[in-house]
Every structure is written in C-alpha cells, then in structure tokens.
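Structural characterization, general
If you want the building blocks of each chain, they are given just below.
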Amino acid sequence: MTPERRDAFRALLQAEAQDLETAERDTADDRRPVELDQQSVGRLARMDAMQVQAMAAAQSRRRAGRLKRVKAALARFDEGEFGFCQGCGDEIAEKRLDLDPAIPLCVSCASR
Ligand SMILES: [Zn+2]
C-alpha cells in the first residue's frame, strides 16, 4: 500500500469517527427517558415519544459499535498494523478496505 493510500484511509476513518461522535451528541435529547407522569401529554403522544426514544437508543448502540470498530482501525495505524489482517497477519486486499477501511480481517479469516 502506498503512503498516500494509507493516509487517505486514515483520513476517511478520522472523518467517520468525528461524524459518529457528532451524531451521538446531536441526538442526546431523543434518547432522554420519556416522562410518564406528564399530565399534559396524551397517551398516544407518550407512546410516540417512547418509540422515538427506543429507536434513538438502538441507533446509538449501533453507532457505538461502529465507533469502536473505527477507533480500533485508527489505533492500528499507530501500531503499524493497518491493512494487515488481525487474524492471520496477511495483507488485507485494498479493494476490501475500499469497501470499509475499518475492516479488521482478510476475506478468508472473515469467512472462517
Ligand atoms: Zn486473515
């Protein structure tokens, strides 16, 4: 892998990590627990709010999982291991990294 390609992958991962962190901050309100004792809010509105909250929580969990993966990939740059399979140590095909630079395994390890 050329140093330019490596830098490009790193920049992509850094941008994604930043996006994920921003999205997490921006949706903090949606994840706040729904207040059940509010007299002014009708039952349907409350159910709506609970649904929004549940969806936001699920999204947040997915985001956290992805962020962990992206950060692990970024850490591999510091260890000089980026682009190498975490399973067998072989180089991961660049085409595979093009699809997802955070991918930790080569094709054969991933399908094992
Ligand atoms: Zn492998």
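My aim in this report is to walk through the structure given alongside it, one point at a time. Remember, it's a predicted structure, so these values are computed and weren't measured experimentally.

1. As for the packing of aromatic side chains
Summed over all chains, the structure comprises two aromatic pairs. Note on Phe9 and Phe82: the rings are 5.8 Å apart at their centroids and 50° apart in plane angle, and the pair reads as tilted. You can see Phe9 sitting in helix H1 (residues 3-26) and its partner Phe82 sitting in the loop between helix H3 (43-78) and helix H4 (94-99), a full 73 residues away along the chain. On the basis of relative accessibility, which here comes to 2%, the residue Phe9 falls in the buried class. What links up through ring pairs into an aromatic cluster is the set Phe9, Phe77 and Phe82.

2. Here we look at the coordination of the zinc ion
Protein coordination at the zinc ion: the donors are Cys85 (SG), Cys88 (SG), Cys106 (SG) and Cys109 (SG), at 2.3 Å from the metal. For the zinc ion, the four donor atoms are set out with angles of 103 to 113° between them, so the coordination reads as tetrahedral. Sequence spacing of the donor residues for the zinc ion, all on one chain, is C-x2-C-x17-C-x2-C. Of the two residues, Cys85 is situated in the loop between H3 and H4 and Cys109 in helix H5 (residues 107-110); the sequence distance between them amounts to 24 residues. Comparing Cys85 with Cys109 shows no difference in burial state: the two are buried.

3. Some thoughts on the environment of Ser108
Topologically, Ser108 is positioned in helix H5. On the basis of relative accessible area, Ser108 is assigned to the partly exposed category, the value being 39%. In this structure the C-alpha to C-alpha distance between Ser108 and Cys88, which are 20 residues apart in sequence, comes to 9.3 Å.

4. Here we look at the nonpolar core
Among the nonpolar cores identified, the biggest contains 17 residues, and Leu13, Val70, Leu74, Phe77, Phe82, Ile92 and Leu97 are the most heavily contacted of them. Elements with a minimum of two residues in this core: H1 and H3. In terms of residues, this core owes the most to one element, H3, which gives five residues. Excluding its chain neighbours within four sequence positions, the residues that come into contact with Leu13 are Val70, Ala73, Leu74, Phe77, Phe82, Pro101 and Ala102.

5. Considering the pattern of salt bridges
Per the counting criterion, the structure on display carries nine salt bridges. Residue Arg5 pairs with Glu94 through a salt bridge whose shortest N-O separation is 2.8 Å. Of this pair, Arg5 sits in helix H1 while Glu94 sits in helix H4, and the two are 89 residues apart along the sequence. In this structure Arg5 comes out as partly exposed when scored by relative accessible area, which is 28%. In this structure, the salt-bridge partner of Glu16 is Arg66, at a minimum N-O distance of 2.6 Å. In this pair, Glu16 sits in helix H1 while Arg66 sits in helix H3, placing the two residues 50 residues apart along the sequence.

Definitions and limits used
Residues numbered from 1 in each chain as written. Predicted model: local features only at pLDDT ≥ 70, side-chain atom pairs only at ≥ 80, totals over all residues. Heavy atoms only, no water. Phe/Tyr/Trp six-rings, centres within 6.5 Å; stacked < 30°, edge-to-face > 60°. Helix = DSSP H or I, 4+ residues; strand = E, 2+ residues; numbered from the N terminus. Buried < 20%, exposed > 50% of the residue type's maximum accessible area, 1.4 Å probe, protein only. Donors = N, O, S within 2.8 Å, 3.2 Å for Na, K, Ca; no water. Tetrahedral: all angles 85-135°; square planar, octahedral: opposite > 155°, others 65-115°. Core = buried A, V, L, I, M, F, W, Y, C linked by side-chain atoms within 4.5 Å. Contact = heavy atoms within 4.5 Å. Salt bridge = Lys/Arg side-chain N within 4 Å of Asp/Glu carboxyl O.

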